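# Structural description and commentary
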Protein chains: 2
Amino acid sequence: MQRILIDMDDVMADTGQKVIDMINNINGTDHTKTNLIVDAARYKLFNQQYLAFRPYLLEKGFFRHIPVMTDAKDVIKKLHEKYEIFVVSAANEFPTSLSEKLEWLDDHFPFIGWKYTVFCGHKWMIKADFIIDDHQKNLVQFEGKALLFDAIHNQEVDDYQRVMSWKDVERILL
Amino acid sequence: MQRILIDMDDVMADTGQKVIDMINNINGTDHTKTNLIVDAARYKLFNQQYLAFRPYLLEKGFFRHIPVMTDAKDVIKKLHEKYEIFVVSAANEFPTSLSEKLEWLDDHFPFIGWKYTVFCGHKWMIKADFIIDDHQKNLVQFEGKALLFDAIHNQEVDDYQRVMSWKDVERILL
């Protein structure tokens, strides 16, 4: 059975949308994923606001309630029938997030189970046939096939097959 | 640089000793690692007591204060100069332990850093040249060289090179 590593934030979980919503709420802005991608000045402002926002990521509860990425549940359920799935999150920078991430996975992806979860820093020592991730740093040393999950912060990356949605992943892997 | 995976409980951390001490305290027994290994009836009793004790592992604070295994600090510091070290703990069954384990590592092994920590269920997808672990289940599918760290519960295992102490590890790997 082939193995797929699936990232959590901005891949299974729409963490970016929660961040945008909270930053809009704090600053009275009207950022959206779309206008942040097309408007460089707006994206620069957003990144400044994000620096001030970053401590919120360390707060208890932040990672407990994040919307599930569109179609992630359906497609990952189907993938799970044909592949060995490991959820791999480089989250050890945020110690309090780890138990919340396990609870979130139990809520939304109960068929995966804790034995197939990995919390880490680097990902380069994990071997698999596929990785689905939004960060280039997690793909560069990966020896299998990498799918770059489209996100605001990876628009410049063009070394990997980009997937725009879980429907894209479904077309490629199923 | 060759990579070593090092387990936490009963390898870096003397979790077994803490469990024995607490079980003795609760039950008024006088178990030691030595008498548990040589006395089968005592070990049977201990395992019954352990079943009742197991909920303590889920309590906040249990994993925060565990004694460091003898010589682990010195030897792992030396290994760290010659090898890429990943601490790999199959701890995701105990969600509240994860932040405590990161704090424990920061206290006793600050030179390792969170990027080289892994919390997981299975370990078979992590590739490395060496693994140091006390559980046979973590060694069976490992493709590198496995060192079985001696523990009360692995006395029957004889498929791997057994190390009795961190001094043993030092002799083999340094």
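It should be noted that the structure appears before, not after, this text.
All of these numbers come straight from a predicted model, not from anything done at the bench.

### Remarks on the nonpolar core
- If you look at the biggest cluster of nonpolar residues, it comprises 84 residues, and the most contacted ones within it are A:W166 and B:W166.
- Apart from the residues lying within four places of it in its own chain, the contact partners of B:W166 are B:I6, B:V11, B:M69, B:T70, B:D71, B:A72, B:V75, B:I76, B:L79, B:I132 and B:F149.
- Counting residues in hydrophobic clusters, the runner-up holds 29 residues, among them A:A128, A:F142, A:Y160 and B:V118.

### Digging into the state of the cysteines
- Enumeration over the complete set of coordinates arrives at 0 disulfides over all chains.
- With no disulfide partner, A:C120 has as its closest neighbouring cysteine sulfur the one in B:C120, 9.6 Å distant.
- Overall, the relative accessible area of 0% leaves B:C120 in the buried class.

### Observations concerning the packing of aromatic side chains
All names here are of chain A.
- If you walk through the whole model with that rule in mind, you get 26 aromatic pairs over all chains.
- On the basis of an interplanar angle of 15° and a centroid distance of 6.4 Å, the ring pair of Y43 and F46 is categorised as stacked. Of this pair, Y43 and F46 both sit in helix α3 (residues 40–53), 3 residues apart, roughly one helical turn.
- Residue class for Y43 comes out partly exposed when judged on its relative accessible area of 23%.
- Judged by relative accessible area, which is 7%, F46 ranks as buried.
- Pairing F62 with F63 gives two aromatic rings, centres 5.0 Å apart and planes at 80°, and the pair type is edge-to-face. Of the two residues examined, F62 and F63, each falls in the buried class.
- Three or more aromatic residues joined by ring pairs form one cluster here, namely Y50, F53, Y56, F62, F63 and F94.
- Sitting over the ring of F62, K18 keeps its end group 4.6 Å from the ring centre.

### Regarding the interface of chain B and chain A
- At the junction of the two partners, chain B supplies 25 residues and chain A supplies 25 residues.
- Taken over both partners, the interface formed by chain B and chain A buries close to 2400 Å², and the fraction arising from carbon and sulfur atoms is 65%.
- Three residues, B:W114, B:M125 and B:K127, lead the burial of chain B against chain A; their summed loss comes to 27% of the area buried on that side.
- Between the two partners, chain B and chain A, sit 0 salt bridges.

### Describing the packing of helix α1 (residues 15–27) of chain B against helix α3 (residues 40–53) of chain B
Residues and elements named next belong to chain B.
- Close contact between α1 and α3 brings their axes to 11 Å; oriented N to C, the two are set at 90°. Viewed along their axes, α1 and α3 adopt a mutual orientation that is roughly perpendicular. Where α1 abuts α3, its residues V19, I20, M22, I23, I26 and N27 lie against F46, Q49, Y50 and F53.
- Each residue belonging to the contact of α1 with α3 can be placed in one class, and the counts come to 8 nonpolar, 2 polar and no charged.

### A closer look at the pairing of strand β1 (residues 3–6) of chain A
Residues and elements named next belong to chain A.
- Along β1, one buried face is formed by R3 and L5 and the opposite face, lined by I4 and I6, is buried too.
- Here β1 pairs with strand β4 (residues 130–133) via 3 bridges, running parallel. Among the inter-strand pairings, L5 is bridged to a residue of β4, identified as I131.

### Here's the deal with the relation of the copies chain B and chain A
- Take chain B, turn it by 180°, move it 0.0 Å along the axis, and it overlays chain A with an RMSD of 0.0 Å. Within this description, the copies of the chain are treated as partners about a two-fold rotation axis.
- Counting the interface residues of chain B, we find that 100% of their copies in chain A are interface residues as well, pointing to one common contact surface.

Cut-off values and rules
Residues numbered from 1 in each chain as written. Chains lettered and ligands numbered in written order. Predicted model: local features only at pLDDT ≥ 70, side-chain atom pairs only at ≥ 80, totals over all residues. Heavy atoms only, no water. Core = buried A, V, L, I, M, F, W, Y, C linked by side-chain atoms within 4.5 Å. Buried < 20%, exposed > 50% of the residue type's maximum accessible area, 1.4 Å probe, protein only. Contact = heavy atoms within 4.5 Å. Disulfide = S-S within 2.5 Å. Phe/Tyr/Trp six-rings, centres within 6.5 Å; stacked < 30°, edge-to-face > 60°. Helix = DSSP H or I, 4+ residues; strand = E, 2+ residues; numbered from the N terminus. Lys NZ or Arg CZ within 6 Å of the ring centre and 35° of its normal. Buried area = accessible area lost by both parts, 1.4 Å probe. Salt bridge = Lys/Arg side-chain N within 4 Å of Asp/Glu carboxyl O. Axes fitted to C-alpha atoms, helices over the stretch in contact; angles between N-to-C directions. Parallel < 35°, antiparallel > 145°, perpendicular 65-115°, else oblique. Nonpolar A, V, L, I, M, F, W, Y, C, P; charged D, E, K, R; others polar. Pairing = 2+ DSSP bridges. Least-squares fit on C-alpha atoms with pLDDT ≥ 70 in both.

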